[in-house]
Structures are given as C-alpha cells and as structure tokens.
Amino acid sequence: MNSLTASFTARLSSSPAAHLPVQGLFTRRFISVQPPVRHQRLRRIVCTAEPYLITKLESAEKTWKELSVKLGDPDVASNPSEYQKIAMSLAELDQVVSLFKSFKDCVKQLEETKALGKEGGNDEDMVEMITSEIESLTKQTKELEEKLKLLLLPSDPLDARNIMIEVRAGTGGDEAGLWAGDLVRMYQRYSERNSWKHTLISCSEAEHGGYKTCVVEIKGKRVYSKLKYESGVHRVQRVPRTEAQGRVHTSTATVAIMPEADEVDVEIDPKDIELTTARSGGAGGQNVNKVETAVDLFHKPTGIRIFCTEERSQLKNKNRALQLLRAKLYEIKLREQQELLRNQRKVQVGSGARAEKIRTYNFKDNRVTDHRLKMNFELMSFLDGDIETAVQSCFSVEQKELLEELADSVNSM
C-alpha cells in the first residue's frame with residue numbers, strides 16, 4: 001500500500017496537476033482523484049441529491065446550531081425544564097446533522113477528485129485507481145443520501161406501542177367464524193416468530209368453531225409499527241368444511257389494530273359506564289362457577305359492550321375490560337384522524353380503514369393477494385405466520401409516499 005501510494009505520488013509530481021495539494025486527499029484506500037479524460041473516457045459523476053433534500057437538511061443544521069447556542073445560555077441553564085426540552089430537541093437532530101456532515105465531506109471529496117483528475121497525466125495505473133475511487137465515492141454518497149432521506153421522514157409516535165388486535169367474523173355465516181379463527185392463529189404464529197407475547201383478552205366462540213369476535217393482546221418490541229398495516233377486511237375463497245357439494249364460498253373477517261392506550265390518552269367518565277357481573281362458567285373449578293368473576297361492561301356514548309371472562313378474579317376482568325375499552329376508544333379517535341388525512345392526501349398503504357378490503361386468500365390457487373401492494377404470496381406459509389415480506393413491503397410503500405409528501409411540502413414553500 002505504501003509503495004503504491006509513493007509510486008502514485010511520484011507520478012503525480014511529474015503530471016500537470018502537481019501544483020494541486022495532495023495532502024488530505026488520501027482519505028480512503030489509495031487517493032481521491034478523478035482519472036484524466038484524455039486517455040480513457042469515464043462516466044460522468046454528479047451529485048444527484050434532490051434539491052428538497054438539501055433544503056431540509058440545511059434547515060435542520062441551522063436549527064441544530066441555534067439550539068446549541070441556546071443550550072449555552074445561562075438563563076436556559078438555570079431553567080431545568082427549558083434546558084431539558086432544548087437538550088432533547090438537540091439530541092433528535094444530532095444524528096441527522098452528523099450524517100449530513102459526512103455527506104457533505106463525501107461530496108467534497110468527489111468534487112476534488114474530479115477537479116484533480118481533469119489535470120491528471122496519461123498514466124494507465126493512475127486512471128484505473130481514479131476510476132475505482134470515483135465509483136466508491138459515488139456509491140458512498142448515494143448510501144448516505146438514502147439514509148438521510150429516511151432520517152427526515154416523520155416517525156409515528158405509536159410505533160413502539162403494544163397492541164390489541166380484534167378479529168371479527170364478517171359475511172359468510174359459520175365459515176366466517178372459522179376464517180376468523182384462522183386469522184387469529186396466523187397472528188399468534190407471527191407473534192411467536194418475532195418473540196412477542198400474545199394473550200387472549202376476550203372472545204366469543206362461533207357455534208361450529210372459530211370466533212364471532214376475538215381480542216388478543218400482543219406485547220413486544222415495536223409491535224404496532226409492523227401490525228398497523230393489518231387493519232381492514234380479509235377475504236377468503238375456499239370450500240368450507242360445512243359445504244357438502246364442494247362449492248367455493250367467499251367469506252370475510254375484519255381486523256382492527258388498536259394501539260395500547262394510557263389513561264392520559266383517553267379519559268373515561270365513570271358515569272358513562274354500566275358494569276354488571278356474572279359467573280364465568282366453563283373450566284376453572286368452583287371459583288369461576290360459583291363466584292361472579294365475569295364482567296359485562298357497557299359504554300353508553302359509543303354503545304361498545306365488552307364481556308370479559310378470561311381472568312379468574314372480578315377485579316382483573318374489570319381492569320381488562322377497561323383496558324380494552326380504552327384501546328377501542330383510542331382506535332376510534334385515531335381512525336377519525338386518519339380519515340382526515342386520507343381526505344387531504346391519497347395513500348396506497350396506511351393503517352387501513354376497517355371497511356377497506358386489503359387481502360384475498362385463495363385456497364384453490366394456494367395464493368394470497370395483497371390488493372394494496374398488487375403482490376401475491378404463498379398461502380400456507382402465510383397462514384403459518386410468515387407475513388414479514390408483506391409487512392416490509394407495506395412499510396416500503398409508506399416510506400415512498402412520505403418521501404413524495406416531503407418533497408411536495410418543500411417545493412410548495
């Protein structure tokens with residue numbers, strides 16, 4: 001490496017570019033210079049960062065500098081709450097500003113390399129080294145640009161929350177209940193693949209198997225960020241177990257994803273609640289059969305009714321019922337906000353309205369079709385919880401839409 005660098009430096013000193021400073025250019029592998037165009041034609045390299053991206057990054061950098069100055073202000077330092085607020089805002093911008101600096105350094109090296117290469121000699125070895133360096137710098141610049149785009153996207157504050165997922169049988173009679181049960185198992189298996197914990201909160205079993213309604217709590221790392229795309233109508237086309245003549249039926253089930261809600265997020269007036277108790281019945285010994293542990297909760301303003309029997313004490317069932325009510329009310333609130341956004345912009349993939357048909361599961365063709373993505377997946381593995389590819393595809397489409405929004409918002413300024 002040293003001999004190669006020395007050899008190259010010697011060649012450079014005899015070239016027309018000898019008057020240019022060499023120190024500081026040996027930043028990666030060999031040297032950051034551009035090959036002479038007179039000997040070998042090289043592809044033209046230009047920084048292709050979108051103007052909107054540079055505008056947003058420069059604005060973020062300016063804000064970061066202003067906050068840094070404020071943080072050193074004695075008046076701010078004497079006010080703990082103000083100091084903490086500014087420090088948190090500064091920390092949020094640290095990564096963006098640091099990466100933007102690396103991006104600018106990389107672009108500068110690329111420009112210096114091009115300028116130096118224009119006055120280079122005719123040495124073939126030097127041309128080869130310069131070509132390699134140009135390609136590496138270009139690749140690095142592009143990678144940094146993509147990372148910066150993602151950092152500028154607004155993050156969903158709910159992404160880190162746990163969820164309650166409600167699966168409700170739709171059209172299709174007994175088959176809809178069976179299909180709802182299949183979807184519950186699919187999400188349970190997906191949770192297990194992600195090392196998430198799933199707990200049955202409330203369910204109403206269908207007569208021939210499956211569920212009329214089932215609510216499952218899922219806890220883990222960034223659960224909502226992945227499962228928020230599952231809200232909507234899931235349609236199945238198959239020959240039901242209850243079908244004697246082998247005809248294909250179409251049934252549906254509705255999935256609602258409800259992020260975990262704190263008492264701060266949703267206030268429930270005790271006057272709006274009617275709460276009665278009953279015996280749970282079923283397995284569980286004398287306690288559930290003789291003591292009124294089941295809780296029937298009715299919320300007057302919305303008409304939401306929750307019957308909770310899964311816990312073995314009345315207090316625990318009451319807390320579970322309130323937890324579920326809180327999540328339902330929060331989901332209604334979020335849905336109203338999302339509808340407002342949908343009216344303002346056209347989105348292909350989002351958290352999904354309950355009435356939106358998002359997928360069709362075709363058993364005859366062993367195929368799952370996601371209508372938002374216009375993509376197909378293998379059915380049996382999908383129902384076994386292998387839905388990560390679909391989840392990541394939804395995430396990618398949403399990122400693309402957010403980037404387009406970001407560009408439009410800057411261009412309209």
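Data block above holds the structure.
### Digging into the overall build of the protein
Helix and strand content of the protein: eleven helices and eleven strands. Summarising the internal contacts of the protein: among those between residues at least 6 apart in sequence, 67% fall at separations of at least 24.

### Regarding the state of the cysteines
Going through the model one piece at a time under the given rule, you end up with zero disulfides. Of all cysteine sulfurs, the one in C203 lies closest to C214, which takes part in no disulfide; the gap is 5.5 Å.

### A look at the packing of aromatic side chains
Inspection of the entire model under this criterion finds five aromatic pairs. Ring geometry for F100 against F103: centres 6.4 Å apart, planes inclined by 20°, an arrangement best described as stacked. Placement of the pair is F100 and F103 together in helix α4 (residues 80–118), with a separation of three residues, close to one helical turn. Grouping residues by exposure puts F100 and F103 together as buried. Seen from their ring centres, Y361 and F382 are 6.1 Å apart, and the 65° between their planes marks the pair as edge-to-face. Taken together, the residues span a long stretch of sequence, with Y361 in strand β9 (residues 357–362) and F382 in helix α10 (residues 379–383) at a distance of 21 residues. Through a chain of ring-to-ring contacts, the aromatic side chains of W179, Y361, F377 and F382 assemble into a single cluster.

### Concerning the pattern of salt bridges
It is possible for side chains of opposite charge to pair when their charged atoms get near one another. In the structure shown here, the tally under the stated rule is 22 salt bridges. Linking K226 and E388 is a salt bridge whose minimum nitrogen-to-oxygen distance equals 3.2 Å. Here K226, found in helix α7 (residues 223–227), pairs with E388, found in helix α11 (residues 388–411); they are 162 residues apart in sequence, far enough to count as distant. Overall, E388 belongs to the partly exposed group, its relative accessible area being 23%.

### So, the sheet that holds strand β7 (residues 294–299)
Overall, antiparallel pairing links the three strands, which are arranged β6-β7-β8 in an open sheet. Looking at which strands have only one partner, the edges of the open sheet turn out to be β6 (273–278) and β8 (304–308). Across the sheet, the axes of successive neighbouring strands diverge by a mean angle of 15°, strand direction being ignored.

### Brief notes about helix α6 (residues 174–193)
In this model α6 runs 29 Å from its N-terminal to its C-terminal C-alpha over 20 residues, within 8% of the 28 Å that 1.5 Å per residue would give. Burial analysis of α6 places 14 of its 20 residues in the buried class, which makes it a mostly covered element. The first or second residue beyond α6 is S195, which carries a positive phi of 60°.

### Describing the sheet that holds strand β1 (residues 163–169)
Strand order in the open sheet formed by eight strands is β2-β3-β1-β5-β4-β9-β10-β11, and the pairing between neighbours is mixed. The sheet terminates laterally at β2 (197–205) and β11 (375–378), the two strands that pair on one side only. When strand polarity is set aside, the average angle formed by the axes of neighbouring strands in this sheet is 20°. As defined by bridge partners, β2 adjoins strand β3 (residues 211–219) across eight bridges and the pair is classed as antiparallel. Pairing of E205 across the sheet is with Y211, part of β3.

### A word on the packing of helix α2 (residues 51–71) against helix α5 (residues 124–152)
α5 packs onto α2 with a crossing angle of 60° between their chain directions and a minimal axis gap of 11 Å. The pairing of α2 with α5 is recorded here as oblique in orientation. Once α2 is placed against α5, the crossing between them reads as left-handed. Here Y52, L53, K56 and L57 of α2 come into contact with α5, specifically with E145, L148, K149 and L152. Here the contact of α2 with α5 is built from residues that sort into five nonpolar, no polar and three charged.

Rules behind the numbers
Residues numbered from 1 in each chain as written. Predicted model: local features only at pLDDT ≥ 70, side-chain atom pairs only at ≥ 80, totals over all residues. Heavy atoms only, no water. Helix = DSSP H or I, 4+ residues; strand = E, 2+ residues; numbered from the N terminus. Contact = heavy atoms within 4.5 Å. Disulfide = S-S within 2.5 Å. Phe/Tyr/Trp six-rings, centres within 6.5 Å; stacked < 30°, edge-to-face > 60°. Buried < 20%, exposed > 50% of the residue type's maximum accessible area, 1.4 Å probe, protein only. Salt bridge = Lys/Arg side-chain N within 4 Å of Asp/Glu carboxyl O. Pairing = 2+ DSSP bridges. Axes fitted to C-alpha atoms, helices over the stretch in contact; angles between N-to-C directions. Expected span 1.5 Å × (residues − 1). Parallel < 35°, antiparallel > 145°, perpendicular 65-115°, else oblique. Left-handed = near helix turned anticlockwise from the far one by under 90°. Nonpolar A, V, L, I, M, F, W, Y, C, P; charged D, E, K, R; others polar.

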